[in-house]
Amino acid sequence: MADTVDVDVLHNDKQTYVVHMTCLSDATGETNVTKIDRSALTNTNGVAPVGIDILEVRWAIQGMTYVKLSWDHSTDDVIMYLTASGYENFEEFGGLKDPRSSAVTGASGDILLSSVGAVATGTYDITLVCRLQ
């Protein structure tokens, strides 16, 4: 079996990208699963964005030790660890920025998700509001 997961794009105007991710776990969990593929997006210039800035994160996690969001690189860069429930707004500070350029070797800039310590019927519900560079 496998976790039942879904990724829904709620908004995409080539500048702002909003994605809603859900999971109902069977205790399998996820490890470095691509949730946002930077190269599959287009920005206002009609090309793949150079990077993805995370402006807001809203989450509810239960039945998992934590959920980890990372930028995909040869050595992944952790964006944040999510537990319980919460909301963070980073817009005032320009957003959480990918620390590496997508032009760097091994730096795809995709956003990955890992669920750690998932038990049967564990869930996550995460909404990301992003700005495409």
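This text goes with the structure placed above it.
This structure is a prediction, so every number in the text was calculated from the model and none was measured.

Reading the values: the criteria
- Residues numbered from 1 in each chain as written.
- Predicted model: local features only at pLDDT ≥ 70, side-chain atom pairs only at ≥ 80, totals over all residues.
- Heavy atoms only, no water.
- Pairing = 2+ DSSP bridges.
- Helix = DSSP H or I, 4+ residues; strand = E, 2+ residues; numbered from the N terminus.
- Axes fitted to C-alpha atoms, helices over the stretch in contact; angles between N-to-C directions.
- Buried < 20%, exposed > 50% of the residue type's maximum accessible area, 1.4 Å probe, protein only.
- Polar contact = N/O pair within 3.5 Å; in protein donor to acceptor, adjacent residues only side chain to side chain.

1. Considerations on the pairing of strand β5 (residues 66–71)
Point 1. The pairing of β5 with strand β8 (residues 111–116) spans six bridges and is classified as antiparallel. When the bridges of β8 are listed, L69 appears paired with L113.
Point 2. Taken together, the five bridges between β5 and strand β6 (residues 77–82) define a ladder with antiparallel strand orientation. In the sheet register, S70 faces β6, and the bridge partner there is V78.
Point 3. The turn linking β5 back onto β6 is made up of five residues.

2. Digging into the sheet that holds strand β3 (residues 33–36)
Point 1. Judged by pairing direction, the sheet is antiparallel, and its four strands sit side by side in the order β3-β8-β5-β6 without closing on themselves. What marks the edges here is a single partner per strand, and that holds for β3 and β6. Looking at each pair of strands side by side, their axes are set apart by 30° on average, direction ignored.
Point 2. As defined by bridge partners, β3 adjoins β8 across three bridges and the pair is classed as antiparallel. Bridge pairing in β8 places T34 opposite L112.

3. Comments concerning the sheet that holds strand β2 (residues 16–26)
Point 1. Read across the sheet, five strands follow the order β1-β2-β9-β4-β7 without closing on themselves; strand pairing throughout is antiparallel. Two strands bound the open sheet, and with one partner strand each, they are β1 (4–12) and β7 (85–89). Pairwise comparison of adjacent strand axes, ignoring direction, gives a mean angle of 15° for this sheet.
Point 2. Pairing between β2 and strand β9 (residues 120–132): 10 bridges, direction antiparallel. Bridging across to β9, D26 finds its partner in A120.

4. With respect to unusual backbone geometry
Trans peptide bonds make up most of the peptide bonds, and negative phi angles are found at most residues other than glycine.
Point 1. Positive phi, normally seen in glycine, also occurs at K14, with a value near 70°.
Point 2. Note that K14 resides in the loop between β1 and β2.
Point 3. Phi is positive for N32, which is not a glycine, with a value near 50°.
Point 4. On the accessibility criterion, N32 (35% relative accessible area) is partly exposed.

5. Observations regarding the side chain of D53
Point 1. Mapped onto the elements, D53 comes out in strand β4 (residues 52–62).
Point 2. A polar atom in the side chain of D53 sits 3.0 Å from the side chain of K97.

6. Let's talk about the pairing of β9
Point 1. As defined by bridge partners, β4 adjoins β9 across 10 bridges and the pair is classed as antiparallel. Each bridged residue has a counterpart across the sheet, and for W59 the counterpart in β9 is I126.

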